[in-house]
Amino acid sequence: MLRVDSTLSQSCPPSSPLVVFAFEKSGLSVWPLFSSAPVVQAFAWAQKEGFEGKCGQNQLVHTPNKKIPRVVFIGLGPRKDATLETLRQGMASLVRLAERQSIKQLFTKLPLIGNAGGSAHAAAEGALLGAYAYTRYKTNSESKKAVESILVSVKNGAEKKTMDQGFARGLLFAEATNFARDLINQPPSDTTPSDLVSIAKTVAKKGIKLTVLNKQQMAKLGMGALLGVNRGSGKPPFFIHLIYRPNTKPKRRIALCGKGITFDSGGLSLKPAKSMETMKDDMSGAAAVLAIFALLPRLKPAVEIHGFAALTENMPGENALKPGDVLRSLQGKTIEVLNTDAEGRLILADTLAYACRQKPDEIIDVATLTGACRIALGDKIAALMGNNADLLQRLKNSSNDSGEKLWELPLEKEYRKGLDSKVADIKNIGPAGEAGTIMGGLFLSEFVERGLPWAHIDIANVAWTDEGTALSPAGGTGAMVRTLLHYLISLQ
Ligand code: BES
Ligand code: MN
Ligand code: ZN
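These numbers come from a predicted model, not from an experiment. (Residues numbered from 1 in each chain as written. Chains lettered and ligands numbered in written order. Predicted model: local features only at pLDDT ≥ 70, side-chain atom pairs only at ≥ 80, totals over all residues. Heavy atoms only, no water.)

Peer 1: Sorry, what's going on with the coordination of the manganese ion (ligand 2) here?
Peer 2: Around a metal, the perfect tetrahedron of four donors has angles of 109.5 degrees, and the perfect octahedron of six donors has angles of 90 or 180 degrees. Ligation of the manganese ion (ligand 2) by protein atoms is provided by Asp-264 (OD), Asp-341 (O), Asp-341 (OD) and Glu-343 (OE), these donors lying 2.0 to 2.2 Å from the ion. Binding-site remark: the manganese ion (ligand 2) is held by donors from one chain whose sequence spacing is D-x76-D-x1-E. The metal-metal distance between the manganese ion (ligand 2) and the zinc ion (ligand 3) is 3.1 Å, with Asp-264 serving as a donor to both. (Donors = N, O, S within 2.8 Å, 3.2 Å for Na, K, Ca; no water.)

Quick look at the structure:
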């Protein structure tokens with residue numbers, strides 16, 4: 001796996017290309033190596049080739065100098081606009097360029113944005129996120145070309161220590177995200193509910209407690225909403241409960257709930273073929289929970305954390321749930337199902353009710369819940385909703401740390417009547433085409449115990465990328481893993 005290490009050395013080994021991060025419309029940085037003659041000359045060449053330091057621009061230059069035979073310029077855009085995200089994206093584009101050129105080692109000095117530790121974290125994270133590829137089903141895997149090491153020159157021992165801690169943590173955050181990506185990208189018939197239970201068991205080997213409920217146990221408890229969704233599937237559902245406990249007595253207990261639909265066909269309210277193409281991503285919430293728990297024993301946050309995920313397919317098999325059916329949820333409310341494709345809220349209703357019974361101090365759910373999310377916020381900003389301003393603010397702060405954008409939508413009480421059912425306590429869809437993401441949030445809020453702080457993150461628009469983004473290749477993105485990790489380590 002890719003390593004990012006610091007070094008007190010100020011000179012570049014000739015076998016490693018020298019990487020120069022350049023801001024737009026500003027010369028080379030004052031670091032002696034960057035202003036040495038061969039680099040200045042290389043910079044002039046790069047500029048001649050059109051390199052201006054714009055964000056996303058990069059240029060490899062071969063020099064006649066034996067000590068510095070290759071220089072890579074990475075554009076970061078205007079200095080005044082630079083954030084940690086700039087650094088993440090710069091590193092990701094560097095790693096991709098190096099892969100194309102079959103470069104295995106790189107040497108650089110990082111521009112610091114804010115403090116050294118945060119910059120180091122972002123840089124290492126960006127590099128490893130950028131290096132991600134899902135190759136499991138490629139018969140001619142090109143993993144041989146992977147970058148092995150990025151060596152970062154630091155100025156003294158104190159900086160080395162902070163930077164090394166930042167690198168280590170950044171790599172861990174990216175590793176967890178990449179783990180979630182693997183689970184999402186894996187074909188849906190190879191990532192069934194029972195496959196995810198196996199993953200949970202592996203995760204639980206290292207100091208994490210795991211309880212798995214099977215179909216009979218769920219029926220006995222009365223998880224009618226979750227079982228309803230499973231009826232059309234030939235594969236049994238599972239419910240997982242993971243627990244992480246810190247070494248010292250925790251002041252807080254956090255519940256994380258993930259939507260775990262391993263494939264969403266829509267059920268009898270069948271999706272069109274095109275919309276189904278990416279529906280293996282409908283377990284992205286559960287993947288985030290599993291990926292976070294896989295890291296907790298190494299990250300050691302100070303709070304107790306419970307992870308929950310209901311796992312099932314949503315299929316139109318012969319026993320499938322029908323529009324018009326009424327389900328009795330674990331929490332007690334009856335639900336009229338008018339669209340079997342609004343299944344996420346059904347399984348989450350029981351997941352949230354189960355989580356509430358564990359008496360956590362707060363609950364956060366992550367779910368690919370509504371296509372409407374993309375209409376509201378496009379493909380770069382996830383939707384945040386909830387009942388507690390303080391919790392929502394803390395999540396916004398964590399999203400600021402991670403660079404994964406969140407925008408709050410209101411849980412408007414006046415819209416609640418849109419979920420009134422003529423035959424049951426609530427129906428699972430609101431008026432067509434109106435505030436779909438909010439309606440999903442309002443529905444979920446009914447299954448959270450009154451007074452318990454709760455936040456809902458709808459990631460339906462960001463969990464998958466068709467084209468790839470600056471930090472993710474096409475496929476599952478592992479959305480919210482890093483934001484939630486930042487959140488968990490921010491708590492005392
Ligand atoms: N899993 C989908 C939401 C989704 C859509 C995720 C597109 C990723 C991309 C969810 O189960 C769903 O089908 N929601 C319906 C709700 C509607 C029937 C109220 C939707 O968004 O169409
Ligand atoms: Mn659906
Ligand atoms: Zn779904």
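Right, picking up where we left off after that structure.
Peer 1: Quick question: what am I supposed to make of the sheet that holds strand β1 (residues 3-7) here?
Peer 2: Strand pairing in a sheet is mediated by backbone hydrogen bonds. Such pairs are either parallel or antiparallel. The 6 strands lie next to each other as β1-β6-β5-β2-β4-β3, forming an open sheet whose pairing is mixed. Strands with a single pairing partner mark the edges of an open sheet, and in this sheet they are β1 and β3 (58-62). With direction set aside, neighbouring strand axes in the sheet form an average angle of 25°. Sheet topology places β1 next to strand β6 (residues 149-153); 5 bridges connect them, and they run parallel. Counterpart to Val-4 in the pairing with β6 is Ile-150. (Pairing = 2+ DSSP bridges. Helix = DSSP H or I, 4+ residues; strand = E, 2+ residues; numbered from the N terminus. Axes fitted to C-alpha atoms, helices over the stretch in contact; angles between N-to-C directions.)

Peer 1: I keep staring at the nonpolar core and nothing clicks. Help me out?
Peer 2: For soluble globular proteins, nonpolar side chains are generally found buried alongside one another. In terms of nonpolar packing, the biggest core is built from 56 residues, with Leu-256, Phe-293, Ile-364 and Ile-459 touching the most fellow members. Ranked by residues supplied to this core, first place goes to helix α9 (residues 284-299) with 11 residues. Once you skip the residues sitting within four places of it in the chain, Ile-364 turns out to touch Ile-254, Ala-255, Leu-256, Cys-257, Leu-391, Leu-395, Ala-455, Ile-457, Leu-484 and Tyr-487. In this structure, Leu-226, Val-229, Leu-327 and Ile-438 belong to the second largest nonpolar core, which totals 46 residues. (Core = buried A, V, L, I, M, F, W, Y, C linked by side-chain atoms within 4.5 Å. Buried < 20%, exposed > 50% of the residue type's maximum accessible area, 1.4 Å probe, protein only. Contact = heavy atoms within 4.5 Å.)

Peer 1: Just to check I follow, could you spell out the sheet that holds strand β16 (residues 426-427) for this structure?
Peer 2: Taken in spatial order, the 3 strands make up an open sheet running β11-β12-β16, and their pairing is mixed. If you trace the sheet from one side to the other, it starts and ends with β11 (326-328) and β16, each paired once. Both β11 and strand β12 (residues 334-336) contribute to a ladder of 3 bridges, which runs antiparallel. Note on β12: the bridge partner recorded for Arg-328 is Thr-334.

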